[in-house]
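Coordinate analysis (summary)
So you can see what is in the structure, the chains are spelled out below.
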Amino acid sequence: MRRISIFGATGSIGEQTVDLMLHHGGAETFRTVALTGGRNVARLAEMARALRAEVAVTAFDDCLPALRAALAGSGIEAAAGEVALLEAADRPADWIMSAIVGAAGLAPGFHALRHGTTLALANKESLVTAGPLLMAEAARHGARILPVDSEHSAIFQALVGEDLAAVERIVLTASGGALRDWPLERLARATVAEALAHPNWSMGQRITIDSASMFNKALEVIETREYFGVAPEQIEVIIHPESIIHSMVGYRDGAMMAHLGAADMRHAIGYALNWPERADLPVARLDFAALAQLTFRAPEDARYPALRLAREVMATRGLAGAAFNAAKEIALDHFIGARIGFADMAGVVEDTLAALSRRNGLGNAPMGLEDVLSMDRIARAEAETCALALA
Ligand code: NDP
Ligand code: MG
């Protein structure tokens, strides 16, 4: 039986992964090693019981008593804290889902690569902050990283049987997010609830707001560069409001290979779970006559400054991705807390990058994970200062 662990099991991606495991036979088909979550320990315990996991881990120490109580009599171990997360990642498993949100997902995924496992990577922040380190660690241990982000799963699938050297361009599709049709001058006053009203995808709160600001697409452009090793100039972003084409690969002969499907993350999760095979998935099938048309438009620079910032980050590389992601996470916290406006998020990130490149220099390549985590802390502190200045 395949041994499986899920980091961030109680989140949007985690829930859908568990859903697919149950669809494929649950504990009859998979041996679940570790399931991890954050504050939602009731749900974590429920999942651990349903899949008969060996251990359930909450990221937060103060949640341990509640987790223990919820698992009483089940024979499932309970653990808490950052060290427990790493210990869970050290338990041998054949397939590990990395679906913690934010930079907190980096270290567990990194650890999991050490036993040459297959890492299904939803946590794009890992590649943005530490792409070269993560890819090198995977190569060193003979581990495989499978993309779970829908765009990257689409690109991965469009590359099957092809030679990377024949790739001319990669086109990432973007829905444009909840505010894509708003007049520019109204954007500054957008509320959290308005940014959360995503037209197509149902996702966690943070990524949904990042989708409206296109910080999510900015992370994904960098993720594409790091995962597939293509040059930044080869990566394009196009707004495709229907979210039917999940991304495209263009080849030297002018041919484009696209991945189409319903806007349902179980396409990408299920592909990674069953790879290299394809299995029946409980996702809606496309009805082209009902769809009638697929439309596209170029993203406006003024509406989506995050895309320009991503290009700057790729030009600098080194520790710029770690600083970019950390500043973005702090800016998002302040927007969610209603301390800064929607349009201020890009300002916080831009000011943080400018201050850090003046003071620390961001171009030096990190030697190890510690350098990345250290830049993450420095950039968070700097972004707090920049956010206060704008608040
Ligand atoms: P959610 O916010 O829905 O879930 C996040 C998960 O991480 C939960 O299990 C949460 O626990 C846990 N968690 C939160 N904070 C911490 C922490 N400090 N340490 C450890 N665990 C923590 O996120 P999503 O599922 O939306 O996203 C997960 C990742 O997948 C992100 O990197 C995102 O960019 C990526 N992704 C998501 C997509 C989606 O459709 N949702 C699409 C493509 C990529 P709890 O809830 O119990 O507190
Ligand atoms: Mg995506």
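The coordinates are above.
Reading the values: the criteria
Residues numbered from 1 in each chain as written. Chains lettered and ligands numbered in written order. Predicted model: local features only at pLDDT ≥ 70, side-chain atom pairs only at ≥ 80, totals over all residues. Heavy atoms only, no water. Helix = DSSP H or I, 4+ residues; strand = E, 2+ residues; numbered from the N terminus. Buried < 20%, exposed > 50% of the residue type's maximum accessible area, 1.4 Å probe, protein only. Contact = heavy atoms within 4.5 Å. Pairing = 2+ DSSP bridges. Axes fitted to C-alpha atoms, helices over the stretch in contact; angles between N-to-C directions. 1 Å grid on protein atoms, 1.4 Å probe; cavity = no way out; pocket = protein on both sides within 12 Å on 5 of 7 lines; lining within 4 Å. Points joined across faces, edges and corners; volume = space filled by probe spheres on them. Nonpolar A, V, L, I, M, F, W, Y, C, P; charged D, E, K, R; others polar. Salt bridge = Lys/Arg side-chain N within 4 Å of Asp/Glu carboxyl O. Right-handed = clockwise from strand over helix to strand, strands pointing away. Expected span 1.5 Å × (residues − 1). Arc of directions from axis to C-beta. Core = buried A, V, L, I, M, F, W, Y, C linked by side-chain atoms within 4.5 Å. Near = heavy atom within 4 Å. Polar contact = N/O pair within 3.5 Å; in protein donor to acceptor, adjacent residues only side chain to side chain. Areas by Shrake-Rupley, 256 points an atom, 1.4 Å probe, with all protein chains shown as cover.

1. Observations concerning the environment of M248
- Within the secondary structure layout, M248 lies in strand β10 (residues 245-251).
- Residue class for M248 comes out buried when judged on its relative accessible area of 13%.
- Those residues in contact with M248 that sit more than four places away from it in its chain are R169, I170, V171, T173, M256, M257, A258 and F296.

2. Quick look at the sheet that holds strand β9 (residues 235-239)
- If you walk across this open sheet you meet the four strands as β9-β8-β10-β11, and the pairing is mixed. A single partner strand is all that each edge strand has here, and the edge strands are β9 and β11 (256-260). If you compare each strand with its neighbour and ignore which way they point, the axes differ by 20° on average.
- Summarising the sheet, β10 and β11 pair through five bridges and their orientation is antiparallel. Residue M248 lies in a different strand from β11, and its bridge partner there is A258.
- Lying over the sheet, helix α10 (residues 215-228) contacts β8 (167-174) and β9, oriented at roughly 155° with respect to β8.

3. What about the sheet that holds strand β1 (residues 2-7)?
- Pairing is parallel across the open sheet formed by seven strands, whose spatial order is β4-β3-β2-β1-β5-β6-β7. Each edge of the sheet is formed by a strand with only one pairing partner; in this case those strands are β4 (77-80) and β7 (144-147). With strand direction ignored, the average angle separating the axes of adjacent strands in the sheet is 20°.
- Direction of pairing for β1 relative to strand β5 (residues 95-98): parallel, over a ladder of four bridges. The partner of I4 across the bridge, within β5, is W95.

4. Here's the deal with the layout of surface pockets
- The calculated volume of the second largest pocket comes to roughly 260 Å³.
- Its residues placed into classes, the lining of the second largest pocket shows seven nonpolar, six polar and two charged.

5. Concerning the pattern of salt bridges
- With the rule as written, the count across this model stands at 29 salt bridges.
- As a salt-bridge pair, E28 and R52 come within 3.5 Å of each other at their nearest N and O atoms. Here R52 lies in the loop between α2 (41-51) and β3 (55-58) and E28 lies in the loop between α1 (12-23) and β2 (30-37), a separation of 24 residues in the sequence.
- E236 is the partner of R169 in a salt bridge, and the nearest nitrogen-oxygen pair spans 2.7 Å. Of the two residues, R169 is situated in strand β8 and E236 in strand β9; the sequence distance between them amounts to 67 residues.
- Judged by relative accessible area, E236 falls into the partly exposed class, the value being 30%.
- Taken together, the shared-partner salt bridges in this structure form one network comprising K124, D149, E151, K217 and E220.

6. Quick look at empty space enclosed by the protein
- Under the criterion given, the structure shown has one cavity of 30 Å³ or more.
- If you add up the space inside the largest cavity, you get close to 40 Å³.
- Lining of the largest cavity is provided by S150, S153, A154, Q157, W201, H246, H259, D264, H267 and A268.
- Sorting elements by how many residues they give to the lining of the largest cavity places helix α7 (residues 150-158) first, with four residues.
- When grouped by side-chain class, the residues that make up the lining of the largest cavity number three nonpolar, six polar and one charged.

7. Some points on the pairing of β5
- The side-chain alternation of β5 yields two buried faces, one formed by W95 and M97 and the other by I96 and S98.
- Viewed along the sheet, the connection from β5 through helix α5 (residues 106-112) into strand β6 (residues 118-121) turns out right-handed.

8. Notes on helix α13 (residues 305-316)
- Taking 1.5 Å of rise per residue, the 12 residues of α13 would be expected to cover 16 Å, and the 17 Å separating its terminal C-alpha atoms lies within 8% of that figure.
- Of the residues making up α13, those classed as buried are A306, L307, L309, A310, V313 and M314. The arc that holds the buried residues of α13, viewed along the axis, is 160°, so those residues lie on one side.
- Check the buried side of α13 and you find it contacts α9 (205-213), α10, β9, α14 (320-336) and α15 (344-359).

9. Brief notes about the nonpolar core
- In terms of nonpolar packing, the biggest core is built from 129 residues, with L35, M97, L179, F324, F342 and M345 touching the most fellow members.
- Residue contributions to this core peak at 10 residues, all from α14.
- If we skip the residues at most four places from it in the chain, M345 touches I209, S213, F215, A331, L332, F335 and I340.

10. A few points about the site of ligand 1
- Inspection of the region around ligand 1 gives 25 residues, with T10, S12, G38, R39 and E125 positioned closest.
- Note that an oxygen atom of ligand 1 is positioned 3.1 Å from one of the backbone N or O atoms of G204.
- For ligand 1, the protein covers 85% of the area, taking 900 Å² as the surface of the free molecule.
- Where the shell around ligand 1 is concerned, the elements lending two or more residues are α1 and α6 (124-141).
- Its residues assigned to classes, the shell around ligand 1 shows 12 nonpolar, nine polar and four charged.

11. Section: the side chain of H24
- Turning to its location among the elements, H24 is positioned in the loop between α1 and β2.
- For H24, a relative accessible area of 19% translates into the label buried.
- Apart from the residues lying within four places of it in its own chain, the contact partners of H24 are T29, F30, L273, N274, A279, D280 and L281.

12. Some remarks on the environment of A289
- Positionally, A289 belongs in helix α12 (residues 288-291).
- For A289, a relative accessible area of 71% gives the class exposed.
- When the C-alpha positions of A289 and R311 are compared, they lie 38 Å apart, and in sequence the two are 22 residues distant.

Remember, this is a structural readout, not a statement about activity or role.
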